[in-house]
Amino acid sequence: MFCLFEARPMAQVFARLLLAFSLLAASAAHAQVPQVPEIAARSYLLLDVTANQILAAKDIDTPVEPASLTKLMTEYLVFDALKSKKIDIRQTFSVSERAWKMPGSRMFIDPKMQVPVEDLIKGMVVQSGNDATMALAEGVGGSAENFVKRMNEQAKALGMNNTGYKNPEGLTETGHTTTARDLSILSVRLMADFPDYMGYSAIKKYRYPGTPATNDTNRNTLLFRDPTVDGLKTGHTNAAGYCMIATARRDFPNLGAGNTPGTRRLLAIVLGTTSDSARASETQKLLNWGYTAFEAVKLFDAGQTVVAPSVWKGKAASVKLGQANKAIVVTVPAGSGAKLKTLVARPDPLVAPFVKGQAIGSLRVTSGDDPALVAEVPLLALEAVEEAGIVGRAWDAMRLWIK
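### Regarding the overall build of the chain
Turning to step 1, where the next piece is worked out: In terms of helices and strands, the chain carries nine helices and 14 strands.
Turning to step 2, where the next piece is worked out: By principal-axis analysis of the C-alpha atoms, the chain measures approximately 80 × 50 × 45 Å.
Turning to step 3, where the next piece is worked out: Counting the 403 residues in the chain, one finds 51% classified as buried.
Turning to step 4, where the next piece is worked out: In the chain, the share of contacts with a sequence separation of at least 24, taken over all contacts with a separation of at least 6, comes to 68%.
Turning to step 5, where the next piece is worked out: In the structure as shown, the chain presents an accessible area of about 18,000 Å², 52% of it carried by carbon and sulfur atoms.
Turning to step 6, where the next piece is worked out: For the chain, the centre of its 45 positive side-chain charges and the centre of its 38 negative side-chain charges are spaced 2 Å apart.

### Examining the sheet that holds strand 7 (residues 241-257)
In a beta sheet, neighbouring strands pair by backbone hydrogen bonds and run either parallel or antiparallel.
Turning to step 1, where the next piece is worked out: Spatial strand order, 3-2-8-7-6: five strands in an open sheet with antiparallel pairing. Each end of this open sheet is capped by a strand with a single partner; those strands are strand 3 (53-58) and strand 6 (229-237). The average undirected angle you get between the axes of adjacent strands in this sheet is 10°.
Turning to step 2, where the next piece is worked out: Relative to strand 7, strand 6 runs antiparallel, the two being bridged by eight bridges.

### Remarks on the packing of aromatic side chains
Turning to step 1, where the next piece is worked out: Summed over all chains, the structure comprises six aromatic pairs.
Turning to step 2, where the next piece is worked out: Summarising the aromatic geometry, the rings of Phe79 and Tyr197 are spaced 5.0 Å apart at their centres and angled 15° between planes, so their arrangement reads as stacked. Here Phe79, found in helix 1 (residues 71-83), pairs with Tyr197, found in the loop between helix 6 (180-193) and helix 7 (222-225); they are 118 residues apart in sequence, far enough to count as distant.
Turning to step 3, where the next piece is worked out: Among the aromatic residues, those joined into a ring-pair cluster are Tyr76, Phe79, Phe194, Tyr197 and Tyr200.

### Description of a nonpolar patch on the surface
Turning to step 1, where the next piece is worked out: On the surface, Trp395, Met398, Trp401 and Ile402 cluster together to form a nonpolar patch covering roughly 570 Å² of accessible area.
Turning to step 2, where the next piece is worked out: Tracing the backbone shows Ile402 in helix 9 (residues 390-402).
Turning to step 3, where the next piece is worked out: Ile402 sits in the exposed class, given a relative accessible area of 61%.

### Here we look at the environment of Leu183
Turning to step 1, where the next piece is worked out: By the secondary structure assignment, Leu183 is in helix 6.
Turning to step 2, where the next piece is worked out: When the C-alpha atoms of Leu183 and Pro66 are compared, they prove to be 8.7 Å apart, with 117 residues separating the residues in sequence.
Turning to step 3, where the next piece is worked out: With sequence-adjacent residues up to four places away left out, Leu183 is seen in contact with Leu69, Thr178, Ile245, Ile269 and Leu271.

### Quick word on the pairing of strand 7
Turning to step 1, where the next piece is worked out: Between strand 6 and strand 7, which pair antiparallel in sequence order, lie three residues.
Turning to step 2, where the next piece is worked out: In this sheet, strand 8 (residues 260-273) lies alongside strand 7 in antiparallel orientation, the contact comprising eleven bridges. Considered in strand 8, the bridge of Arg249 is made with Arg265.

### Overview of the pattern of salt bridges
Turning to step 1, where the next piece is worked out: Considering all chains together, one arrives at 16 salt bridges under this definition.
Turning to step 2, where the next piece is worked out: Note that Asp61 is salt-bridged to Arg181, the shortest N-O span being 2.8 Å. Separated by 120 residues along the polypeptide, Asp61 in the loop between strand 3 and helix 1 and Arg181 in helix 6 bring together distant segments of the chain.
Turning to step 3, where the next piece is worked out: We classify Asp61 as partly exposed; its relative accessible area is 39%.
Turning to step 4, where the next piece is worked out: For Arg181, a relative accessible area of 23% translates into the label partly exposed.

Quick notes on the rules
- Residues numbered from 1 in each chain as written.
- Predicted model: local features only at pLDDT ≥ 70, side-chain atom pairs only at ≥ 80, totals over all residues.
- Heavy atoms only, no water.
- Helix = DSSP H or I, 4+ residues; strand = E, 2+ residues; numbered from the N terminus.
- Buried < 20%, exposed > 50% of the residue type's maximum accessible area, 1.4 Å probe, protein only.
- Contact = heavy atoms within 4.5 Å.
- Areas by Shrake-Rupley, 256 points an atom, 1.4 Å probe, with all protein chains shown as cover.
- Lys, Arg positive; Asp, Glu negative; His and termini not counted.
- Charge placed at Lys NZ, Arg CZ, Asp CG, Glu CD.
- Pairing = 2+ DSSP bridges.
- Axes fitted to C-alpha atoms, helices over the stretch in contact; angles between N-to-C directions.
- Phe/Tyr/Trp six-rings, centres within 6.5 Å; stacked < 30°, edge-to-face > 60°.
- Patch = residues over 30% accessible without salt bridge, like charges linked within 9 Å, V, L, I, M, F, W, Y side chains within 5 Å.
- Salt bridge = Lys/Arg side-chain N within 4 Å of Asp/Glu carboxyl O.

This is a description of form; function is not addressed.
What follows is the structure in structure tokens.
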């Protein structure tokens with residue numbers, strides 16, 4: 001049996017939480033949704049990463065050419081190889097003729113060079129070098145073709161269901177497409193899975209010794225305009241237009257613990273604009289709108305018990321449920337009232353054993369007297385509950401039978 005149980009009162013919590021990756025437009029019947037500004041792009045997506053909510057979107061499942069945004073997947077596989085110790089940041093890769101002759105944006109390396117992996121990463125991320133990207137793909141994958149195969153396998157593993165890669169750098173090729181939604185999945189996982197390597201995306205200037213000094217500037221111009229922006233990637237081809245994925249992190253006292261402010265991260269994806277300046281201005285517009293039109297509210301701290309229901313046939317009398325590694329945060333329209341109501345949905349009875357981290361029901365959020373579900377957050381066991389001994393299990397079995 002699956003039952004609903006009222007959670008503790010949510011006084012001072014602002015209204016309207018949306019389901020993760022659900023569009024605000026779809027919830028307009030249940031909430032006053034802030035009007036999205038006019039964005040001059042073929043498609044776009046604004047994601048509140050902290051709350052895992054889409055705040056604005058247009059044509060996010062329409063196939064598009066990703067241009068150099070492709071390099072985010074190349075980054076993912078290179079960082080994974082570094083994390084798993086398959087390669088070392090200090091080792092050098094040779095530069096093949098194929099890498100040397102790559103068209104488009106370049107780091108300006110040549111076959112006479114043995115280039116450290118870290119410099120190739122900077123050449124790919126900061127300079128968007130197709131030559132650096134090819135050298136990394138060949139060094140990590142053995143060949144570009146094998147690396148592309150792994151790119152597609154990784155895309156499938158991440159749930160990027162509408163993405164197909166044909167090359168590691170993003171030059172136009174038939175079948176080389178993705179979507180704004182898939183790019184958001186990749187971006188979030190890249191930041192979450194490899195936080196130690198995300199600093200490369202924030203580097204403003206870099207060039208490899210002996211290469212042109214005029215080729216040293218990160219094409220993400222928001223890094224120079226907005227101090228809260230710390231990534232992520234730009235891209236451009238004639239077919240794709242001018243594209244940008246930018247992420248910003250701003251401090252908010254209400255999201256922190258004690259006297260330490262918390263942070264709220266937004267991710268803006270803008271695809272198919274008409275110029276370098278347009279992609280920057282439209283992306284900045286989305287980020288600023290997201291921070292001003294909405295506010296984040298922390299419902300529970302990381303590790304805080306949301307509810308502790310009784311357990312049958314266990315060594316413990318109850319099991320604590322919550323989110324162990326992150327606070328439960330929701331994003332709501334700015335100025336909304338304290339209307340949220342929470343219910344815990346879980347199986348009843350709960351019969352041990354339970355392992356730590358096991359999903360046991362969810363926290364469901366509604367607003368006011370409206371029964372429509374506006375959010376659902378998984379609740380996990382914060383600690384293990386072992387099975388009781390034979391006597392305890394027999395006793396609880398009898399009690400359950402009577403119940």
